[in-house]
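Understanding the architecture of this molecule
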Amino acid sequence: MAAITDLSDLISLSSGGGTAQPQNPWFFKQARIAGAAATAPIAGRPASLWRYDGSPAAGAVPTTVAACTNATVGAIQLTSPGGGRELHLIQAWATGLVGGTLILYDRLLHIGGLSGTVTTAQTVGGTLTRYTDGVGNFAMAEIYTIIGTTATTITMSYTDQGGTSGQTSTAVVFGGTGFREVTRAIYLPLAAGDTGVQAVASTTVLATTGTAGNFGITVGHPLAYIGIGTAGAPGWRDFVTGLPGIPTVGDDACLSLLWIPVTTTAPEILGGLGIVEK
Amino acid sequence: MAFSTLAAYKDAIEEQRSINISIASLATIAGRTYDTWTTAPPVGTAPTTATNPTSATTGALAPPQNAGTGLDWRIVSSRFSALSPGVYIVCDRQGHMGGLSGTVTTAQTVDVSASGRNSTGIGCWIALTIYTQIGTTATTVTASYNDSDTVSRATTAVVLGGTGFREAGRTILLPFDPASTAGGVTYIANATVLATTGTAGNFGISIIQPLFAILVPDTSGVASAAGFISGCSGGGIPKIPDDACLFVMPISTSTNCIGAGALLISETAE
């Protein structure tokens, strides 16, 4: 592992002067899932683009818990670093059919097949392989098949960044309009004082939503927030000149996208990343 | 191989050459992708049979000369002013063909291969370009292709035909097969339109590789000075492959895409 020393070093790495070539993966997402029109998102509320068709291809609905990697279908194409080197994110940009905020994150772990009608604890489990200290990691409930119309709440039992297990997240609304639709991503707020997630043991739906549907729990680590003002407008993060500096991308990261829309139109997104290895 | 230092980068920029870009006028839909191949100057012709265009193909944006022996061109910066903000993506047109119909509902042969410039197909996309307007009836289209592992795959269906998906110049990116663990595309065998759009028109399928994005955030006439250090760009400091057939895929914020500028390129050792 070595830090990027200065601008000369960064220019050299970005123009092919490093041990490994720079990576500039591009991505696009059509507003479709499995060849059919995607469900309209809710303005101002996060939606997952994991299942959206495009390049990379759509990710599958997870079943059993799994740690995601760059080999998981749905991940933005990325070659793992070699020789003890690290990947560094230096650019992230995108545009789209509608305005909103695109969130680039490393999808660390996911599970699907959970039910909107089961009111006992549903097991999550699994083990993180990146950002294992949990600091900065988030957890969200991700809806793969629509759940019920009855609004209730959801919590999770998790291990925080300090290794304390049995922490309970603050209850948030689950089910009902705006909290049940396919692709909806519902962040699970951490308990007071916590700053991350090392593991999620289980999740509990307080009362039935009325329809089982299919939802899952995803643990991720945010890397970049890209604002897109309006249709066709560019949004970008330049980590060369902008704060907070140059984020490290985990080895074999499963780079994925979340979307917070300003409208209810399902997004079409096109963008790219700049990544160097040192 | 690289600009080894900031000083070397600055020296190279001082010796830069330019590739002029002009988009005379292109009717667009905000936020959607277009292909300037037959409209920008230089104006290319709609392809017929499958070919692998090069920098010598009419329509290509080409460096003023070939890179010297042992040297590569790299895009170090750009200047671009547009009627409206948007994103202007410089792509290498690896292979293309045309003459497909919006009314034929059986598989239509494409037979386009990635060029020798990127035979692995990694980083390449499948683009459907409409050369002559097709019909008003919205349907879907898919393509059969080989991924970068040369395994036969099928794209998922996307809309073709109807407003926003029929106009000349519109390019529609086809999503990769979720069964494929490899990104990219090395070969496109055929394309199938699910139901007639009502008008044959003329569309084609291309393999394209995006290289560099010029981000234009400002309003009419304010030039974007994009570059690795100054921002407003995407794609790093990319190498222009020898013989690359460069063209611009714009995404505008308005219904009339007009712009002019230049890619600034410098030579560096391979």
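Computed from a predicted structure; not experimentally measured.

Criteria and cut-off values
Residues numbered from 1 in each chain as written. Chains lettered and ligands numbered in written order. Predicted model: local features only at pLDDT ≥ 70, side-chain atom pairs only at ≥ 80, totals over all residues. Helix = DSSP H or I, 4+ residues; strand = E, 2+ residues; numbered from the N terminus. Rg over C-alpha atoms; globule rule 2.2 N^0.38 Å. Contact = placed C-beta atoms within 7 Å. Buried ≥ 20, exposed ≤ 12 C-beta atoms within 10 Å, placed from the backbone. Pairing = 2+ DSSP bridges. Nonpolar A, V, L, I, M, F, W, Y, C, P; charged D, E, K, R; others polar. Core = buried A, V, L, I, M, F, W, Y, C linked by C-beta atoms within 7 Å.

1. Regarding the overall build of chain A
The helix and strand inventory of chain A stands at one helix and 20 strands. Relative to the globule expectation of 19 Å for 278 residues, the C-alpha radius of gyration of chain A, 19 Å, shows essentially globular dimensions. Expressed along its principal axes, the backbone C-alpha trace of chain A runs to roughly 60 × 45 × 30 Å. Contacts in chain A between residues at least 24 apart in sequence constitute 81% of all its contacts with a sequence separation of at least 6.

2. So, the overall build of chain B
Counting secondary structure elements, chain B contains one helix and 16 strands. Taking 18 Å as the expected radius of gyration for a compact globule of 270 residues, we find that chain B reaches 18 Å, a close match to that expectation. When the backbone C-alpha atoms are referred to their principal axes, chain B occupies close to 60 × 40 × 30 Å. A total of 270 residues make up chain B; the buried ones form 56% of that total.

3. Thoughts on the pairing of strand β8 (residues 100-114) of chain A
Look at any regular strand and the pattern is simple: side chains alternate between the two faces of the sheet. Residue and element names in this part refer to chain A. Judged by how many residues are buried, β8 sits mostly within the fold: 13 of 15 residues are covered. Judged from the two bridges that link them, strand β6 (residues 66-67) and β8 form a sheet pairing that is antiparallel. Bridge pairing in β8 places A66 opposite H110. Strand direction decides the pairing type here: β8 and strand β19 (residues 255-261), joined by seven bridges, are antiparallel. The residue bridging L104 from the neighbouring strand is L257, located in β19. In this structure, β8 lies alongside strand β16 (residues 214-228), joined through 12 bridges in antiparallel fashion. Bridged to H110 within β16 is T218.

4. Topic: helix α1 (residues 7-14) of chain A
All of the buried residues in α1(A) are L10(A), I11(A), S12(A), L13(A) and S14(A). Where α1(A) is buried, its residues touch β7 (87-96) and β20 (269-277) of chain A together with α1 (6-14) of chain B. G16(A) occupies a position one or two residues after α1(A) and carries a positive phi of about 95 degrees.

5. Describing the pairing of strand β11 (residues 152-160) of chain A
Residues and elements named next belong to chain A. Note that β11 and strand β13 (residues 172-174) share three bridges and pair antiparallel. Paired with T153 across the bridge in β13 is V173. With seven bridges joining them, β11 and strand β15 (residues 197-205) adopt antiparallel strand pairing. Of the residues in β15, the one forming a bridge with S157 is S202. Sheet topology note: the β11/strand β12 (residues 167-168) ladder contains two bridges and is antiparallel. Bridging from a neighbouring strand, Y158 pairs with Q167 of β12.

6. Some thoughts on the interface of chain A and chain B
Each partner contributes residues to the interface: chain A has 45 residues there, and chain B has 46 residues. Elements with a contribution of two residues or more to the side of chain A that touches chain B: α1, β1 (26-29), β5 (54-55), β7, β17 (235-238) and β20 of chain A. Residue composition of the side of chain A that touches chain B, by class: 21 nonpolar, 20 polar and four charged.

7. What about the nonpolar core?
Counting 155 residues, the largest nonpolar core has A139(A) and I126(B) as the members making the most contacts within it. For this core, the leading source of residues is strand β11 (residues 202-216) of chain B, giving 10 residues.

8. Remarks on unusual backbone geometry
Backbone torsion omega between S55(A) and P56(A) reads 10 degrees, so that peptide bond is classified as cis. Relative to the helices and strands, P56(A) is located in the loop between β5 and β6. With an omega of -5 degrees, the peptide bond between P41(B) and P42(B) qualifies as cis. Its identity is not glycine, yet A34(A) carries a phi of approximately 55 degrees, on the positive side. Tracing the backbone through its elements, the reader meets A34(A) in the loop between β2 (32-33) and β3 (36-37). Of note, D243(B) is a non-glycine position whose phi angle comes to about 70 degrees, a positive value. As for its placement among the helices and strands, D243(B) is situated in the loop between β14 (239-240) and β15 (246-252). For D243(B), a count of 18 C-beta atoms within 10 Å gives the class partly exposed.

9. Side note on the environment of P42(B)
Residues and elements named next belong to chain B. Examined against the element boundaries, P42 turns out to sit in the loop between β1 (17-27) and β2 (71-82). Judged by the 15 C-beta atoms lying within 10 Å of it, P42 is partly exposed. Taking the C-alpha atoms as reference, P42 lies 4.8 Å from G59; in sequence the two are 17 residues apart. The contacts of P42, once residues within four sequence positions are left out, are T58 and G59.

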